[in-house]
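Given next are the chains, with one letter for each unit.
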Amino acid sequence: SQQGEEDPQALSIQEGENATMNCSYKTSINNLQWYRQNSGRGLVHLILIRSNEREKHSGRLRVTLDTSKKSSSLLITASRAADTASYFCATTAGTALIFGKGTTLSVSS
Amino acid sequence: DAGITQSPRHKVTETGTPVTLRCHQTENHRYMYWYRQDPGHGLRLIHYSYGVKDTDKGEVSDGYSVSRSKTEDFLLTLESATSSQTSVYFCAISDDRGSNQPQHFGDGTRLSIL
């Protein structure tokens, strides 16, 4: 069962531009997490936002959460070629995380 | 990087053979997870463990078994591999607070079943 769904599925931008990815989910959550996956590697945790938070920053990352709309967005500012990766949102279901299918971001120089 | 090692990193085997994948952690985390990642499906939970000898099923547990005899090791076994189990398998760990804390992932095992 898919809880989070990312949008768009794929995104191509130039270096220096901002990248925005969205995540929608279906049921109430305790928190929402964003992960990055580089090709051939495991997922790396980026940021966790709790249900009582509306916005969170970490370096060039900005995450927002709108629980009334059951949606979250991840903004990467001033993108770099090294940001090329797949990005996943994940929500909690008991002990486990449920991941969306991801957004593939390509940043060209 | 969190100390998580998956072995083997790549494996090719034949239908009907048993396969065991190993996840080893050096972080002393209580929770360990096995996921599979397939195109069009994202990551799906197979089994997880919340302590030594304590395991539970995930979303796609059919055809898989797990064991955890030590805190640091979590084994995933395919008793009789099928072609539908061709996938990339990821192990993850988290601390005592389970899914309300970040999970840390290994680099995966690419398993091909012919």
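Scroll up a little and you will see the structure.
## Some words on the overall build of chain B
Then step 1. In terms of regular secondary structure, chain B is built from zero helices and eleven strands.
Then step 2. Along chain B, helices and strands appear, N-terminal first, in the series β-β-β-β-β-β-β-β-β-β-β.
Then step 3. The C-alpha atoms of chain B give a radius of gyration of 13 Å, which matches the 13 Å a tight globule of 114 residues would have.
Then step 4. Counting only C-alpha atoms and orienting by the principal axes, one finds that chain B spans roughly 40 × 30 × 25 Å.
Then step 5. Across the 114 residues in chain B, those meeting the buried criterion constitute 50%.
Then step 6. Taking the contacts inside chain B whose residues are at least 6 apart along the sequence as the reference set, 55% of them involve residues at least 24 apart.
Then step 7. Carbon and sulfur atoms make up 45% of the accessible area of chain B, which amounts to about 5,400 Å² in all.
Then step 8. Considering chain B, the positive charge centre built from 12 side chains and the negative charge centre built from 14 side chains are found 2 Å apart.

## Some words on the nonpolar core
Then step 1. Ranked by size, the top nonpolar core spans 22 residues in total, and within it Leu32(A), Trp34(A), Leu74(A), Ile76(A), Tyr87(A) and Leu105(A) carry the most contacts.
Then step 2. Where this core is concerned, the elements lending two or more residues are β2 (10-14), β3 (19-24), β4 (31-37), β5 (43-50), β7 (61-66), β8 (71-76), β9 (85-93) and β11 (103-108) of chain A.

## A word on the interface of chain B and chain A
Then step 1. Between chain B and chain A, the residue contacts involve 23 residues of the former and 23 residues of the latter.
Then step 2. Both sides together, the interface formed by chain B and chain A hides about 1,700 Å², and carbon and sulfur atoms give 48% of it.
Then step 3. One can count one salt bridge joining chain B with chain A.
Then step 4. Of the charged contacts in the structure, one is a salt bridge between Arg41(A) and Asp107(B), with a shortest N-O distance of 3.1 Å.
Then step 5. Here chain B is connected to chain A by four residue pairs in polar contact (both at pLDDT 80 or more).
Then step 6. Among the secondary structure elements, those contributing two or more residues to the side of chain B that touches chain A are β4 (31-38) and β5 (42-51) of chain B.

## A closer look at the sheet that holds strand β7 (residues 64-70) of chain B
Residues and elements named next belong to chain B.
Then step 1. Read from one edge of the open sheet, four strands run β1-β3-β8-β7, paired in antiparallel fashion. At either end of the open sheet lies a strand with only one pairing partner, and these are β1 (4-7) and β7. Taken pair by pair, the neighbouring strands of this sheet meet at an average axis angle of 20 degrees, ignoring direction.
Then step 2. With five bridges joining them, β7 and strand β8 (residues 73-78) adopt antiparallel strand pairing. When the bridges of β8 are listed, Lys70 appears paired with Asp73.

## As for the state of the cysteines
A covalent bond between the sulfur atoms of two cysteines is what we call a disulfide.
Then step 1. Tallying each qualifying case throughout the model produces two disulfides over all chains.
Then step 2. In this model, Cys23(A) is linked to Cys89(A) through a disulfide, with the two sulfur atoms separated by 2.0 Å. For the disulfide bridge between Cys23(A) and Cys89(A), the dihedral angle about the S-S bond is near 70 degrees, and by the sign convention the bridge is right-handed. With Cys23(A) in strand β3 and Cys89(A) in strand β9, this pair connects stretches of sequence that are 66 residues apart.
Then step 3. Overall, Cys89(A) belongs to the buried group, its relative accessible area being 0%.
Then step 4. Covalent S-S linkage joins Cys23(B) and Cys91(B), the inter-sulfur distance amounting to 1.9 Å. Around the S-S axis, the bridge from Cys23(B) to Cys91(B) shows a dihedral of about -70 degrees and counts as left-handed. With a gap of 68 residues between them, Cys23(B) in strand β3 (residues 19-25) and Cys91(B) in strand β9 (residues 87-94) connect regions that are remote in the sequence.
Then step 5. A residue is classified by how much of its surface remains accessible, and Cys23(B), at 0% relative accessible area, is buried.

Calculation notes
Residues numbered from 1 in each chain as written. Chains lettered and ligands numbered in written order. Predicted model: local features only at pLDDT ≥ 70, side-chain atom pairs only at ≥ 80, totals over all residues. Heavy atoms only, no water. Helix = DSSP H or I, 4+ residues; strand = E, 2+ residues; numbered from the N terminus. Rg over C-alpha atoms; globule rule 2.2 N^0.38 Å. Buried < 20%, exposed > 50% of the residue type's maximum accessible area, 1.4 Å probe, protein only. Contact = heavy atoms within 4.5 Å. Areas by Shrake-Rupley, 256 points an atom, 1.4 Å probe, with all protein chains shown as cover. Lys, Arg positive; Asp, Glu negative; His and termini not counted. Charge placed at Lys NZ, Arg CZ, Asp CG, Glu CD. Core = buried A, V, L, I, M, F, W, Y, C linked by side-chain atoms within 4.5 Å. Buried area = accessible area lost by both parts, 1.4 Å probe. Salt bridge = Lys/Arg side-chain N within 4 Å of Asp/Glu carboxyl O. Polar contact = N/O pair within 3.5 Å; in protein donor to acceptor, adjacent residues only side chain to side chain. Pairing = 2+ DSSP bridges. Axes fitted to C-alpha atoms, helices over the stretch in contact; angles between N-to-C directions. Disulfide = S-S within 2.5 Å.

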